[in-house]
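Descriptive analysis of the structure
So you can see what is in the structure, the chains are spelled out below.
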Amino acid sequence: MEQLRQTPSQTVGPFFAYALTAEQYGYPYDSLMNHTLVSLDTPGQRIVVTGQVWDGAGATISDAVVELWQADAQGHYRTAPIEGNTATHTDRGFLGFGRVGTGTLPGHRYQFTTLKPGATGEGSAPHINVMLMMRGSLRNLYTRLYFADEPEANAQDILLNAVPAERRATLLAHRKEVNGEIRYIFDIHMQGSDETVFFEL
Amino acid sequence: MEALNKTSLPPLAAPVSSADVHPPHLSPAYKSTILRSPTQPLMPVRELIRDLSMPVFGQSVLREFDNDLTKNARINGEPIGERIKVAGRVLDETGRPLSNVLIELWQANSAGRYVHKAEIHDAPLDPNFLGGGRVLTDADGNYAFHTIKPGAYPWGNHYNAWRPNHIHFSVIGHQFEHRLVTQMYFPGDPLFDYDPIFQSVPQHARELLIAKFRMDWTEAEFALAYQFDIVLNGRHKTPFE
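Description of the structure in this document. (Residues numbered from 1 in each chain as written. Chains lettered and ligands numbered in written order. Predicted model: local features only at pLDDT ≥ 70, side-chain atom pairs only at ≥ 80, totals over all residues. Heavy atoms only, no water.)

Points about the overall build of chain A
The secondary structure content of chain A amounts to four helices and 10 strands. Tracing chain A from N to C terminus, the helices and strands come up as α-α-β-β-β-β-β-β-α-α-β-β-β-β. Here chain A has a C-alpha radius of gyration of 17 Å; the compact-globule value for 201 residues is 17 Å, and the two agree. In terms of its C-alpha atoms, chain A occupies a principal-axis envelope of roughly 50 × 45 × 40 Å. Across chain A, every contact between residues at least 6 apart in sequence was considered, and the portion connecting residues at least 24 apart equals 70%. (Helix = DSSP H or I, 4+ residues; strand = E, 2+ residues; numbered from the N terminus. Rg over C-alpha atoms; globule rule 2.2 N^0.38 Å. Contact = heavy atoms within 4.5 Å.)

Here you go:
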């Protein structure tokens, strides 16, 4: 079958914030998605997913965009259309999709409020799909966050097991409890000995 | 500065893989890639992440004038600059149109100035122009929006570096691998030969980033028109697969 040529990728550049993450950065435009992937009434264990993005010189990156796409606590991705024109809507149910920039928190952290996903099926440990864009990156980068406190499930995960053993740790988020809040720390390293495993789709 | 591309080869005659259009992660002429590109090979996972759908956005996410950047930020008048219409289709690699694809847009104003607070270029802001918008494709994969033609602007990559006129596109399709961030350029821009971001794309694929001028789509006495079709990575799921 004849294939059309894909549209080439280009960098998101440094000036995305007033369109992609306007509310987070205080620009006068609404946001369809933000740091919150859940509604108040969504069942599941609330967690915070946070981390920093590091460049090859060991500096934190202040102008990256991080997107998450994950299943709910039962392991199901949202299939119902997302409706409503602002991310602050509280009646949209479980979104499972979020987006933040790294330019507003101290240390250039990204931070999401979500729930711990359930496993999506046989041979799959609980995980969150992560998409990363930034100035200086000409392509979208894809990786996955797995939970370090799920060693048994992780040992059965087909994708994680396909990653060279010495690099698997780069995909593990580490649990930390702070004032009763459960945080998972997931740092992304563009280069260096801890370089995060990125995927070719 | 010399044109970056004087020695480049003529376009390839042989068909190439539909994915051979993308820039490499490391493209040293674009200096920011040096510390921000992976050094390890990417791990191929296409067979391991199959049929992962992305969220679908309904029409209710759009507000009036989201698709008209000449109107969505007016304070006391019309934005300054050349009014244009940009339209096209979003397709998968087999040519199937994709509906309900979310396209988010951002761009500089007609003077080449972004609203972003980190922007330091000494060109005027336009009080009636934000430069952000969004649109969804219809049932046949069509989208359209109105805007002001963006200006060129200088940046710090190298001495006297200028970006060609462009509009940023962020695209969320039906599948995880559909996700695309790109930039649309305008035909005949003299800065193409000097821009390492445009030049990062293999030469045979650069034309895919350049909108086509469409006289027949022009709105008489109102706006010139450009066509920009978008083809996303990934096969559409069919009932027979």
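As for the nonpolar core
In summary, soluble globular proteins display a tendency toward joint burial of nonpolar side chains. Among the nonpolar cores identified, the biggest contains 48 residues, and A:Phe16, A:Met131, A:Phe199, B:Ile49, B:Phe57, B:Trp106 and B:Phe176 are the most heavily contacted of them. Of all elements in the fold, only helix 1 (17-20), helix 2 (22-25), strand 2 (64-70), strand 5 (127-134), strand 6 (141-147) and helix 4 (158-162) of chain A together with strand 3 (102-107) of chain B reach the threshold of two or more residues within this core. One finds A:Leu37, A:Ile61, A:Ala64 and A:Met134 within the second-largest nonpolar core, a separate group that totals 26 residues. (Core = buried A, V, L, I, M, F, W, Y, C linked by side-chain atoms within 4.5 Å. Buried < 20%, exposed > 50% of the residue type's maximum accessible area, 1.4 Å probe, protein only.)

A closer look at the pairing of strand 3 of chain B
Residues and elements named next belong to chain B. Counting buried positions along strand 3 yields six of six residues, so the element is predominantly enclosed. Alternating positions in strand 3 separate into two faces, Leu 102, Glu 104 and Trp 106 on one and Ile 103, Leu 105 and Gln 107 on the other, with burial throughout. Here strand 3 runs beside strand 4 (residues 132-136); their pairing, made up of five bridges, is antiparallel. Along strand 4, the bridge assignment pairs Ile 103 with Val 135. Taken together, the six bridges between strand 3 and strand 8 (residues 166-172) define a ladder with antiparallel strand orientation. What sits directly across from Leu 105, in strand 8, is Phe 169. (Pairing = 2+ DSSP bridges.)

Overview of the sheet that holds strand 8 of chain B
Residues and elements named next belong to chain B. In space, the four strands of this open sheet follow the order 4-3-8-9, with antiparallel pairing throughout. Two strands in the sheet have a free side with no partner beyond their single neighbour: strand 4 and strand 9 (180-185). Taking each pair of neighbouring strands and ignoring which way they run, the sheet shows an average axis angle of 25°. (Axes fitted to C-alpha atoms, helices over the stretch in contact; angles between N-to-C directions.)

Things to note about a nonpolar patch on the surface
Residues B:Leu26, B:Ile34 and B:Leu35 make up a contiguous nonpolar surface patch of about 240 Å² in total accessible area. Structurally, the position occupied by B:Ile34 is in the segment before strand 1 (43-44). (Patch = residues over 30% accessible without salt bridge, like charges linked within 9 Å, V, L, I, M, F, W, Y side chains within 5 Å. Areas by Shrake-Rupley, 256 points an atom, 1.4 Å probe, with all protein chains shown as cover. Salt bridge = Lys/Arg side-chain N within 4 Å of Asp/Glu carboxyl O.)

Structural notes on the environment of A:Tyr146
All names here are of chain A. Checked against the element boundaries, Tyr 146 lands in strand 6. Judged by its relative accessible area of 0%, Tyr 146 is buried. Taking the C-alpha atoms as reference, Tyr 146 lies 22 Å from Met 134; in sequence the two are 12 residues apart. In this structure, Tyr 146 is in contact with Ala 125, Pro 126, His 127, Asn 154, Asp 157, Leu 159, Leu 160, Leu 171, Leu 172 and Ala 173, ignoring residues within four places of it in sequence.

A closer look at the interface of chain B and chain A
Contacts between the two partners involve 89 residues from chain B, matched on the other side by 69 residues from chain A. Taking both sides of the interface into account, the surface hidden between chain B and chain A amounts to around 7,100 Å²; carbon and sulfur atoms contribute 60%. For the pair chain B and chain A, the interface holds six salt bridges. Here chain B is connected to chain A by 42 residue pairs in polar contact (both at pLDDT 80 or more). (Buried area = accessible area lost by both parts, 1.4 Å probe. Polar contact = N/O pair within 3.5 Å; in protein donor to acceptor, adjacent residues only side chain to side chain.)

Focus: the side chain of A:Lys116
With respect to the helices and strands, A:Lys116 occurs in the loop between strand 4 (109-115) and strand 5. A distance of 2.9 Å separates a polar atom in the side chain of A:Lys116 from a polar atom in the side chain of A:Glu150.

Considering the packing of aromatic side chains
Applying the stated criterion to the full structure yields 20 aromatic pairs over all chains. Ring geometry for A:Tyr18 versus A:Tyr27: centroids 6.0 Å apart, planes at 65°, classification edge-to-face. Since its relative accessible area comes to 8%, A:Tyr27 is described here as buried. Put simply, the rings of B:Tyr143, B:Phe145, B:Phe169 and B:Phe228 pair up and form one aromatic cluster. The cationic tip of B:Lys149 hangs over the ring face of B:Phe186; the distance from NZ or CZ to the ring centre is 5.0 Å. Cation over ring: B:Arg163 sits above B:Trp155, and NZ or CZ is 5.9 Å from the ring centre. (Phe/Tyr/Trp six-rings, centres within 6.5 Å; stacked < 30°, edge-to-face > 60°. Lys NZ or Arg CZ within 6 Å of the ring centre and 35° of its normal.)

A look at the pattern of salt bridges
Residues and elements named next belong to chain B. In total, this model carries 21 salt bridges over all chains according to the counting rule given. Between Arg 163 and Asp 195 there is a salt bridge, and its shortest N-O distance comes to 3.0 Å. Of this pair, Arg 163 sits in strand 7 (residues 161-163) while Asp 195 sits in the loop between strand 9 and helix 1 (196-199), and the two are 32 residues apart along the sequence. What makes Arg 163 buried here is its relative accessible area of 2%. Under the relative-accessibility criterion, Asp 195 is labelled buried at 0%. The partner of Asp 216 in a salt bridge is Arg 214, and the shortest N-O contact between them spans 2.6 Å. The exposed category is assigned to Asp 216, whose relative accessible area is 57%.

Some thoughts on the side chain of A:Thr143
Residues and elements named next belong to chain A. For Thr 143, the position within the fold is in strand 6. Thr 143 gets classed as buried once you look at its relative accessible area, which sits at 2%. Among the polar contacts listed, one links the side chain of Thr 143 to the backbone oxygen of Val 197, at a separation of 2.7 Å.

These values are about where atoms sit, not about what they do.
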